[in-house]
Amino acid sequence: MNRDLRILIVDDQRPNLDLMEQLLAREGLHNVLSSTEPLRTLDLFNSFEPDLVILDLHMPAFDGFAVLEQLNRRIPANDYLPILVLTADATRLRALALGARDFISKPLDALETMLRIWNLLETRALYKALRELVPSQQIELLRQHRPAAGAV
């Protein structure tokens with residue numbers, strides 16, 4: 001897999017960012033941008049164009065839910081950009097409903113974290129490859145035929 005995929009991490013706690021950066025670096029993932037300032041997320045997202053966003057939900061003033069809402073408006077409907085949320089509580093269902101693709105509970109387990117990151121990056125890489133082969137109109141038709149959220 002392409003280890004040049006871009007990863008944006010937003011968490012208000014510098015030690016959490018340092019830990020995540022170390023985990024990613026051990027896996028050969030060095031194209032990482034991190035920030036302790038959630039208000040800057042949209043600008044960083046637009047300039048860095050990440051393949052994965054790792055986002056803490058609980059941050060003061062501008063929390064992860066507000067960031068998710070911003071990103072949700074920015075990511076085109078016919079695109080797949082995984083967002084992995086970090087949370088210490090049961091708010092993950094709301095995050096998933098707002099567009100997060102997966103979650104990790106705190107405290108982090110290094111192996112679980114990296115397995116989830118690799119799964120999301122692989123899906124992103126496959127989606128990007130598919131977009132090169134299939135017109136976006138056909139992808140949109142496929143997305144329209146998926147089951148509605150909450151329908152089981």
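- Within an unreviewed UniProt entry, the label attached to the protein reads Two-component system response regulator, and the organism entered is Pseudomonas rhizophila.

### Looking at the UniProt feature "modified residue: 4-aspartylphosphate" (unreviewed entry) in the protein
1) Next: Feature annotation in UniProt places "modified residue: 4-aspartylphosphate" (unreviewed entry) on D56, given in this structure's numbering.
2) Next: Along the chain, D56 falls in strand β3 (residues 52-56).
3) Next: Note on D56: relative accessible area 3%, which makes it buried.
4) Next: Aside from chain neighbours lying at most four places away, what touches D56 is V10, D11, D12, G64, L86 and K106.

### Observations concerning helix α2 (residues 41-48)
An α-helical turn contains 3.6 residues, so a residue and the one three or four places further along point in the same direction.
1) Next: Among all positions of α2, only T41, L44, F45 and F48 are buried. All buried residues of α2 project into a common sector of 100° when viewed along the axis, lining one side. Turned more than 90 degrees from where α2 packs its buried face, D43 and S47 sit exposed.
2) Next: Those residues of α2 hidden inside the fold are in contact with β1 (7-10), β2 (32-35), β3 and α3 (64-74).
3) Next: In the segment just after α2, E49 is the residue with positive phi, at about 50°.

### Brief notes about the sheet that holds strand β5 (residues 102-105)
1) Next: Strand order in the open sheet formed by five strands is β2-β1-β3-β4-β5, and the pairing between neighbours is parallel. Only two strands of the sheet have a single neighbouring strand rather than two, namely β2 and β5. Going from strand to strand, the sheet's axes swing by 15° on average, the running direction of each strand aside.
2) Next: Pairing of β3 with strand β4 (residues 83-87), which is carried by four bridges, proceeds in the parallel orientation. Bridge pairing links L55 to V85 in β4.
3) Next: Relative to the sheet, helix α5 (residues 110-133) contacts β1, β3, β4 and β5, its axis offset from that of β5 by approximately 170°.

Parameters at a glance
- Along each chain, numbering runs from 1 in the same order as the chain's sequence is written.
- At least 70 in pLDDT is required for a residue's local features to be given in this predicted model, at least 80 for side-chain atom pairs to be given and counted, and no such filter applies to totals for whole chains, interfaces and linings, which use all residues.
- In computing side-chain properties, one takes all heavy atoms of the structure into account and sets aside hydrogens as well as water.
- UniProt positions are given in the numbering used here, feature names are shortened, and annotations may be inferred rather than shown by experiment.
- Secondary structure elements are taken from DSSP: a helix is a run of H or I of four residues or more, a strand is a run of E of two residues or more, and numbering for both begins at the N terminus.
- The buried label applies to any residue whose accessible area, calculated with a 1.4 Å probe on protein chains only, is under 20% of its type's maximum; exposed applies above 50%, and partly exposed to all values in between.
- For this analysis, residues touch if any pair of their heavy atoms sits within 4.5 Å.
- The arc in question is the one spanned by the directions pointing from the helix axis to the C-beta atoms.
- Paired strands are those between which DSSP finds at least two bridges.
- Geometry is summarised by axes, namely lines fitted to C-alpha atoms with helices restricted to the contacting stretch, and by angles between N-to-C directions that run from 0 to 180 degrees.

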